[in-house]
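Chain by chain, the residues run as shown.
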Amino acid sequence: MSLLEVKDLSVSYGGIRAVRDVSLRVEQGEIVALLGSNGAGKTTTLRAISGLVPYSGSVIFGGKDLRKCSPDEIVRLGLGHAPEGRRVFARMSVRENLELGAYTVRSKAEVGDRLAFVVSKFPRLEERLNQLAGTLSGGEQQMLAIGRALMSSPRLLMLDEPSLGLAPIVVQTIFGVIKDINERGTTVLLVEQNARQALRIANRGYVLETGSMRFEDTGAALLENPAVAEAYLGTTVSS
Ligand code: ATP
């Protein structure tokens, strides 16, 4: 059984269909990339999986039907979501933001352990634990948003455009951390505009086009696919 199985997912906003009959699966231990142009429906797909928007179709996580679960229960089941746009709590410190990410964890000692793990991945955050999150740089806020999602120790971590707007060196750090947490056992569903980098670390990938699934293949095969290369990688395969 797949860890996550999405079948025939459709989402409409006020009569406009943003996602149409999308199916995808994520196996335990994988990194799966979900790609597509602006407005293709990537964020909407993640928001539906997290129970944040109403949908038709089915979402099964760890054998459980998520339609019957609140967003809060979904987090407790082990599904972490780092949303797009660096949504950190600006007037709270870095430490408070991280601790909020562990709201499902009762034991203080465990929260401490997870905090230590997150700052070991992002030493920048350790130096700034008492700084207000709103005063962090864009890249640091992105690290904080990912770190906060990691605080609940999710079985599956969904990341929405973690590299958006970041300097190349910070992008490298973030992709390195994604690979590393995956090697330590966290399954990852990664939404990215940076298709080439995402496919390099992904086992498999999906490409959405105006709300519908267009391609599905291994990361390596998608990198070699001329239609994907031209539309999403900014090159032709021969270049
Ligand atoms: P991007 O890469 O630009 O973030 P995306 O693939 O994540 O794009 P979505 O944000 O899922 O795309 O948007 C899919 C479509 O749904 C778009 O046409 C968008 O305008 C529309 N949409 C998204 N959120 C809403 C909303 N709250 N109300 C109305 N329409 C929405």
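Please read these numbers as outputs of a predicted model, since none were measured by experiment.

Trainee: Just to check I follow, could you spell out the site of the ligand for this structure?
Mentor: Of all residues adjacent to the ligand, which total 13 residues, the nearest are Gly-39, Gly-41, Lys-42, Thr-43 and Thr-44. Separating an oxygen atom of the ligand from a side-chain N or O atom of Asn-38 is a distance of 2.8 Å. Taking Thr-44, its side chain carries an N or O atom lying 2.5 Å from an oxygen atom of the ligand. Surface burial for the ligand is 58%, taken as the share of its 630 Å² of free accessible area covered by protein chains.

Trainee: Can you walk me through helix H1 (residues 42-49) in this structure?
Mentor: In an α-helix there are 3.6 residues to a turn, and that puts residues three or four apart on one side. Burial analysis of H1 places 6 of its 8 residues in the buried class, which makes it a mostly covered element. Of the residues flanking the end of H1, it is Gly-51, one or two places downstream, whose phi is positive at about 75°.

Trainee: It is not clear to me how the packing of helix H3 (residues 94-101) against helix H4 (residues 108-121) should be interpreted in this structure. Could you clarify?
Mentor: Two elements in contact, H3 and H4, have axes whose closest approach is 10 Å; the angle formed by their N-to-C orientations is 120°. Our classification of the angle between H3 and H4 gives oblique. Judged by the twist between their axes, the crossing of H3 over H4 is right-handed. In contact with Arg-95, Leu-98 and Glu-99 of H3, H4 contributes Val-111, Leu-115, Val-118 and Val-119. A breakdown of the residues in the contact of H3 with H4 according to their chemical character gives 5 nonpolar, no polar and 2 charged.

Trainee: Explanation requested: the sheet that holds strand S5 (residues 64-65) in the structure shown.
Mentor: By way of backbone hydrogen bonds, the strands of a sheet pair with one another, either parallel or antiparallel. On the basis of which strands lie adjacent, the open sheet formed by 4 strands has the order S2-S1-S4-S5 and antiparallel pairing. The two strands at the open ends of the sheet, each matched to only one other strand, are strand S2 (16-26) and S5. Lying over the sheet, H1 contacts strand S1 (4-13), S2 and strand S4 (56-61), oriented at roughly 115° with respect to S1.

Trainee: What am I meant to see in the pattern of salt bridges here?
Mentor: This model, assessed by the stated rule, comprises 12 salt bridges. Across the salt bridge formed by Asp-180 and Lys-121, the nearest N and O atoms sit 2.3 Å from each other. Of this pair, Asp-180 sits in helix H7 (residues 168-183) while Lys-121 sits in helix H4; the two residues are 59 residues apart in sequence, bridging distant segments of the chain. On the basis of relative accessibility, which here comes to 21%, the residue Asp-180 falls in the partly exposed class. By relative accessible area, Lys-121 is classed as buried at 17%. Note that Arg-124 is salt-bridged to Glu-140, the shortest N-O span being 2.8 Å. Taken together, the residues Arg-124 in helix H5 (residues 123-127) and Glu-140 in helix H6 (residues 138-150) connect sequence positions 16 residues apart. Look at Arg-124 and you get partly exposed, because its relative accessible area is 39%.

The rules behind the values
- All residue numbers here refer to positions counted from 1 along the written sequence of the relevant chain.
- Only residues with pLDDT of 70 or above have their local features reported here, since the model is predicted, and side-chain atom pairs are shown and tallied only from 80 upward, although totals for entire chains, interfaces and linings are computed over all residues.
- To obtain the side-chain values, all non-hydrogen atoms of the structure were used and water was disregarded.
- Being near a molecule or strand, for a residue, means having at least one of its heavy atoms within 4 Å of it.
- Each polar contact in these results corresponds to two N or O atoms within 3.5 Å; when the atoms are within protein, one needs to be able to donate a hydrogen and the other to accept it, and residues that are neighboring in sequence are counted only if both atoms are side-chain atoms.
- To measure how exposed things are, a 1.4 Å probe is used in the Shrake-Rupley method; for residues, cover is taken only from the protein chains shown.
- Buried means the residue's accessible area, taken with a 1.4 Å probe over protein chains only, is under 20% of the maximum for its type, while exposed means over 50%, and partly exposed covers the values in between.
- Helix and strand assignments come from DSSP, with helices taken as H or I runs of at least 4 residues and strands as E runs of at least 2, each series counted from the N terminus.
- As a rule, the C-alpha atoms of each element are fitted with a line to give its axis, helices using only the stretch in contact, and angles between N-to-C directions run from 0 to 180 degrees.
- Oblique is the label for any angle not under 35 degrees, not over 145, and not in the 65 to 115 range, which are roughly parallel, roughly antiparallel and roughly perpendicular in turn.
- Take the far helix as your reference; a near helix turned counterclockwise from it by less than a right angle gives a left-handed crossing, and one turned clockwise gives a right-handed crossing.
- The contact rule is simple, with two residues in contact once any of their heavy atoms fall within 4.5 Å.
- As a working rule, the residues Ala, Val, Leu, Ile, Met, Phe, Trp, Tyr, Cys and Pro are called nonpolar, Asp, Glu, Lys and Arg charged, and the rest polar, with Gly in that last group.
- Here a strand pair is declared whenever DSSP counts at least two bridges between the two strands.
- Think of a salt bridge as a Lys or Arg side-chain nitrogen and an Asp or Glu carboxyl oxygen that are within 4 Å of each other.

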